[in-house]
2 protein chains.
Amino acid sequence: MLNQSPPLDLTFQALADPTRRAMIERLSLSPASVSDLARPLAMSLPAVMQHLAVLEGSGLVVSQKVGRVRTCRIDPLALNRAHEWMNARRAEWERRLDRLGAYLEELSSNGGSDESGR
Amino acid sequence: MLNQSPPLDLTFQALADPTRRAMIERLSLSPASVSDLARPLAMSLPAVMQHLAVLEGSGLVVSQKVGRVRTCRIDPLALNRAHEWMNARRAEWERRLDRLGAYLEELSSNGGSDESGR
């Protein structure tokens, strides 16, 4: 189960909510129990559990219950995939901006020689 | 308008759809007209316009109509903000994993000296 890569749709959908991002921010620092996660959030435990279910469904978070305590932690795979998708887009427009810069420079130096040729 | 940073909610929401990600992938390569964007997509032009409206609402894409042609391009600001949010989370767990590694190493060297002390 854990090795299946959940689609980017679910990852981005899970991240599109400030409560779930706050939970990811908390879990990036260390694993935490559901009560730890709920403490700073102004909502009921069932509401927190619902957000946790979305995070687990997206593969961003895994949890394990030992005795009465459910401990949650980040599973880096899904966040890494989303991060890589963004890195690829960013690399593309950076290459494009470089090409555009080179083109504008060429235009401006050609323009300069046209001017001087007149 | 363009300088307001749209919230991460809208950015991630916009990215949670494969058609909109395909449009962002296309626009990362170069600006494009709405017809260019629609060509590889198996959907009607109104459906493409709806996805474009979501992308524009999220700040990921800006478009400008000159004559009959609406040209779309990426606005890097929103994607950069989402990218930075992910970078920050990633930096946090990398620091945590480093600390955990150091702790385990310390445990194992203490354990080793305990063993030798017996």
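This text goes with the structure placed above it.
Residues numbered from 1 in each chain as written. Chains lettered and ligands numbered in written order. Predicted model: local features only at pLDDT ≥ 70, side-chain atom pairs only at ≥ 80, totals over all residues. Heavy atoms only, no water.

**Let's talk about the overall build of chain A**
When helices and strands are counted, chain A shows 5 helices and 3 strands. Going from N to C terminus, chain A has its helices and strands arranged as α-α-β-α-α-β-β-α. Taking all 118 residues of chain A together, the buried fraction comes to 37%. For chain A, the proportion of contacts with a sequence separation of at least 24, taken over those separated by at least 6, is 57%. (Helix = DSSP H or I, 4+ residues; strand = E, 2+ residues; numbered from the N terminus. Buried < 20%, exposed > 50% of the residue type's maximum accessible area, 1.4 Å probe, protein only. Contact = heavy atoms within 4.5 Å.)

**Some details on the pairing of strand β2 (residues 61-66) of chain A**
Residue and element names in this part refer to chain A. Strand direction decides the pairing type here: β2 and strand β3 (residues 69-74), joined by 6 bridges, are antiparallel. Residue Ser63 lies in a different strand from β3, and its bridge partner there is Cys72. In this structure, the hairpin formed by β2 and β3 is closed by a connection of 2 residues, where Gly67 is found at a positive phi of approximately 65 degrees. (Pairing = 2+ DSSP bridges.)

**What about the pattern of salt bridges?**
Residues and elements named next belong to chain A. In total, this model carries 10 salt bridges over all chains according to the counting rule given. The closest approach of N and O atoms between Glu92 and Arg89, which form a salt bridge, is 3.1 Å. Of this pair, Glu92 and Arg89 are both found in helix α5 (residues 76-117), 3 residues apart, which corresponds to roughly one turn of the helix. By the burial criterion, Glu92 is buried, and Arg89 matches it. Across the pair Arg90 and Glu94 runs a salt bridge, and its minimum N-O distance is 3.7 Å. One end of the pair is Arg90 and the other is Glu94, both in helix α5 and 4 residues apart, which spans about a single turn. (Salt bridge = Lys/Arg side-chain N within 4 Å of Asp/Glu carboxyl O.)

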